[in-house]
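# Survey of secondary and tertiary structure
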Amino acid sequence: MNSSNNSLLAQKTFAVFNSTSTHGALVQLCQNLMEQQKLHWPQLTEGYAALESVRVREIVCSNYTVFVQFNPKRIRSTGADLDPKAIQERKCFLCLENLPEPQKGILFQDKFLLLCNPVPIFARHLTFSSIHHIPQELESSFGVLLNLTRDLSPDFTVFYNGPKSGASAPDHFHFQMSPRRALPIECDAVDMRRRKRLYYKDHVAGCVLVNYGRTALVVESTDELRLLEFLKNILEIWKKVLGSAEEPKMNILCSYQEELWRLIIVPRRKHRPDKYFIGGDDRVLISPAAVDIGGLVVTPLEKDFLRADAKLIESIFAEVTEPPELIERILEKLQ
Ligand SMILES: [Zn+2]
């Protein structure tokens, strides 16, 4: 980084966190950051005021329940043009030089900033982004994911949207954070009646959720190094099975409590459902990312909020996620 970038980073730094701090320190810093930003950053104040008036409906699907949130402010994210040309031509909203003047964050491991998300879906919604403009990609950042999740435990769940699986900044590395257990899938994943164990080796367990309308692999371990090894291996085999060198499409939700990491990995087939792209009144503006796949489906348009029903949700989940056989095949090879 050159000196002007250094001074920009200093300007944008609300606090510095290093992982040797006492447990709970990062959660407290996030709380302080949110309070400061709500006072000094009008866009955030407005964002949280708007969140208070969002409407939510419960939809009972076959063997699971989702919530639909009518959140008009999310139109920019849901409606984002993700064509590579459009991405290249727009100003990246996660780059330091493009952050709004009042926006500040917590510097993490000297490489990342924890920021408040100005268009919240949750009562506490944070973004964690690289201080450099580097592409959204997980393989080199599994360690960061596990560290961050532990440092934010037990209050937050950290989630990842692959560059073709819901991320609205596919060109800038980032995670997001939601309050722990804000998403139905997090509760369903600990319901033993839903689980089928397919893998256990070296202190890492893997099971799938049965009849869940979307494929979800739940991976648990208390052993950081072996978990990292597992994640590296599963990605390698997954790529081989798909016959592609590209990162497999996926959403991940990661949490940590009582020294156990839990990752919920949803393999994706499509970024957006076909109904997203059709013209006229039949178009459905739902762009599924980890939050939506996790059971909180965000609709920026009221007509979609009102007409969403079990049939629509079930068909979107089935269309954009891979069948369970893919995970079974990968785990078999891994075992
Ligand atoms: Zn950027």
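Structure first, text after, so check above.
Notes on the structure follow. It should be emphasised that the depicted structure is a prediction, and the values quoted were computed from it without experimental measurement.

## Some words on the overall build of the chain
Of the regular secondary structure elements, the chain holds 12 helices and 14 strands. In terms of overall dimensions, the chain is globule-like: its C-alpha atoms have a radius of gyration of 19 Å, near the 20 Å expected for 335 residues. Considering only C-alpha atoms, the chain reaches an extent of 50 × 50 × 35 Å along its principal axes. Burial statistics for the chain: of 335 residues in total, 40% are counted as buried.

## Side note on the packing of helix H6 (residues 142–151) against helix H8 (residues 224–242)
Remark: H6 packs on H8, axes separated minimally by 10 Å, with the N-to-C direction vectors making an angle of 140°. By the angle between their directions, the pair H6 and H8 is classed as oblique. The element H6 and its partner H8 pack so that their crossing is right-handed. On the side of H6, the interface is formed by Phe 142, Gly 143 and Leu 146, while H8 contributes Glu 224, Leu 227, Leu 228, Leu 231 and Lys 232.

## A word on the sheet that holds strand S14 (residues 296–299)
Read from one edge to the other, the open sheet built from 3 strands follows the order S2-S3-S14, with strand pairing classed as mixed. Since the sheet does not close on itself, it has two edges, and those belong to strand S2 (55–61) and S14, each with one partner. Strand-to-strand, the axes of this sheet are offset by a mean angle of 25°, without reference to chain direction. As paired elements, strand S3 (residues 64–70) and S14 share 4 bridges and run parallel to each other. If you follow Gln 69 over to S14, its bridge partner there is Val 298. The strands touched by helix H11 (residues 310–320) within the sheet are S2, S3 and S14, with S2 carrying the most contacts at an inclination of about 75°.

## Regarding the environment of Ser 130
Within the secondary structure, Ser 130 sits in strand S6 (residues 126–130). For the pair formed by Ser 130 and Lys 240, sequence separation is 110 residues and the distance between their alpha carbons is 29 Å. Those residues in contact with Ser 130, other than ones at most four positions away along the chain, are Lys 111, Phe 112, His 172 and Phe 173.

## A look at the sheet that holds strand S9 (residues 195–201)
Taken in spatial order, the 11 strands line up as S1-S4-S5-S6-S8-S7-S12-S13-S11-S10-S9 in an open sheet, and their pairing is mixed. Pairing within the sheet leaves two strands with one partner each, and these edge strands are strand S1 (13–17) and S9. Averaged over all pairs of adjacent strands, the angle between strand axes in this sheet comes to 25°, irrespective of strand direction. As paired strands, strand S7 (residues 156–161) and strand S12 (residues 250–257) are joined by 4 bridges and run antiparallel to one another. Bridge assignment links Tyr 160 to a residue of S12, and that residue is Ile 252. Set on the sheet, helix H12 (residues 324–334) makes contact with S9, strand S10 (204–209), strand S11 (217–221) and strand S13 (260–267); between it and S9 the angle comes to about 25°.

## Some words on H12
Buried residues of H12: Pro 324, Ile 327, Ile 330 and Leu 331, and no others. Viewed along the axis of H12, the buried residues span an arc of 125°, placing them on a single side of the element. Residues of H12 that are exposed and point over 90 degrees away from its buried face: Glu 325 and Glu 332. Packing partners of the buried residues in H12 comprise S9, S10, S11, H8 and S13.

## Considering the pairing of S12
S12 sits mainly inside the fold: 7 of its 8 residues count as buried. For S12 and S13, the ladder comprises 8 bridges, and the chain directions are antiparallel. In the strand pairing of S13, Gln 257 is matched with Leu 260. Between the end of S12 and the start of S13, which pair antiparallel, lie 2 residues, with Glu 258 showing a positive phi angle near 45°.

## Notes on the nonpolar core
Grouped burial of nonpolar side chains is what soluble globular proteins tend to show. Val 158, Ala 216, Ile 252 and Ile 264 are the most contacted members of the largest nonpolar core, which totals 78 residues. When neighbours within four sequence positions are excluded, Ile 264 is seen to be in contact with Ile 185, Ala 189, Ala 216, Val 218, Ile 252 and Leu 253.

Quick notes on the rules
- Residues numbered from 1 in each chain as written.
- Predicted model: local features only at pLDDT ≥ 70, side-chain atom pairs only at ≥ 80, totals over all residues.
- Helix = DSSP H or I, 4+ residues; strand = E, 2+ residues; numbered from the N terminus.
- Rg over C-alpha atoms; globule rule 2.2 N^0.38 Å.
- Buried ≥ 20, exposed ≤ 12 C-beta atoms within 10 Å, placed from the backbone.
- Axes fitted to C-alpha atoms, helices over the stretch in contact; angles between N-to-C directions.
- Parallel < 35°, antiparallel > 145°, perpendicular 65-115°, else oblique.
- Left-handed = near helix turned anticlockwise from the far one by under 90°.
- Contact = placed C-beta atoms within 7 Å.
- Pairing = 2+ DSSP bridges.
- Arc of directions from axis to C-beta.
- Core = buried A, V, L, I, M, F, W, Y, C linked by C-beta atoms within 7 Å.

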